[in-house]
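As a plain string of letters, each chain reads:
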Amino acid sequence: MTASRLRSVGIDPLTGKEAFVVAQPGGFLEELADAHALEAAAVLVTVVGAVLEGGKSSDSELAALVPTLHAALEECIGIMAADRE
């Protein structure tokens, strides 16, 4: 059994605050959190791809992307691991 963790389900358009849930495996909220994580990762891939194609970013600008890329990769791996259980 895996430990419960907070999962983002998006930004509340009224307050601008990010909403988090502890989702039950296989439940609706987990599905919603998975969809949000994959959508966010897809957007991140597009942004990072555009930055890399531009070729004019400094090392420090590229390094600023690493924590966000790491978090997105970690979330996607968590989704894949949960699907295997």
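Rules and cut-offs
- Going along each chain's sequence as written, the residues are numbered from 1 onward.
- Totals for whole chains, interfaces and linings use all residues, but because this is a predicted model, local features are given only for residues with pLDDT of at least 70 and pairs of side-chain atoms are given and counted only at 80 or more.
- The basis for the side-chain values is all heavy atoms of the structure; hydrogens and waters are excluded.
- Angles here are taken between N-to-C directions and fall from 0 to 180 degrees, while the axes themselves are lines fitted to C-alpha atoms, restricted in helices to the stretch in contact.
- Here a strand is any run of E in DSSP of at least two residues, a helix any run of H or I of at least four, and the numbering for each starts at the N terminus.
- Orientation labels follow simple angle bins: below 35 degrees gives roughly parallel, above 145 gives roughly antiparallel, 65 to 115 gives roughly perpendicular, and whatever is left gives oblique.
- Two helices that cross are described as forming a left-handed crossing if the nearer one is turned anticlockwise from the farther one by less than a right angle, and a right-handed crossing if clockwise.
- Two residues form a contact once any of their heavy atoms are found within 4.5 Å.
- Basically, the charged four are Asp, Glu, Lys and Arg, the nonpolar ten are Ala, Val, Leu, Ile, Met, Phe, Trp, Tyr, Cys and Pro, and anything else, Gly included, counts as polar.
- The span expected for a helix works out to 1.5 Å for each residue beyond the first.
- Take the buried residues of types Ala, Val, Leu, Ile, Met, Phe, Trp, Tyr and Cys, join any two whose side-chain atoms come within 4.5 Å, and each joined set is a nonpolar core.
- Burial status follows relative accessibility: with a 1.4 Å probe on protein chains alone, a residue under 20% of its type maximum counts as buried, one over 50% as exposed, and anything between as partly exposed.
- Throughout this description, the term salt bridge denotes a Lys or Arg side-chain nitrogen within 4 Å of a carboxyl oxygen of Asp or Glu.
- By this definition, two strands are paired if DSSP reports at least two bridges between them.

(A) Quick look at the packing of helix 1 (residues 28–54) against helix 3 (residues 66–84). Between helix 1 and helix 3, whose axes approach to 10 Å, the crossing angle comes to 140 degrees. The angle between helix 1 and helix 3 falls in the class oblique. Crossing of helix 1 against helix 3: the hand is left-handed. Touching Glu30, Asp34, Ala37, Leu38, Ala41, Leu44 and Val48 of helix 1 are Thr68, Leu69, Ala72, Glu75, Cys76, Ile79 and Ala82, all from helix 3. Along the lines of polarity and charge, the residues of the contact of helix 1 with helix 3 split into 10 nonpolar, 1 polar and 3 charged.

(B) Geometry of helix 3. For helix 3, built from 19 residues, the straight-helix expectation of 27 Å at 1.5 Å per residue is met to within 8% by its first-to-last C-alpha distance of 27 Å. In this structure, the buried side of helix 3 is in contact with strand 1 (7–11) and helix 1.

(C) Spatial organisation of the nonpolar core. In terms of nonpolar packing, the biggest core is built from 6 residues, these being Ala41, Leu44, Val48, Leu65, Ala72 and Cys76. Examining the composition of this core, we find that 3 residues originate from one element, helix 1, more than from any other. Setting aside its immediate chain neighbours within four residues, alanine 72 contacts Ala41 and Leu44.

(D) Quick look at the pattern of salt bridges. In total, this model carries 3 salt bridges according to the counting rule given. Salt bridges sharing partners connect three or more residues here, namely Arg5, Arg7, Asp34 and Glu75.

(E) View of the pairing of strand 2 (residues 18–21). When strand 1 meets strand 2, the two strands line up antiparallel, connected through 4 bridges. Within strand 2, the position partnered with arginine 7 by the bridge is valine 21. Between strand 1 and the antiparallel strand that follows it, strand 2, lie 6 residues; glycine 16 among them carries a positive phi value of about 80 degrees.

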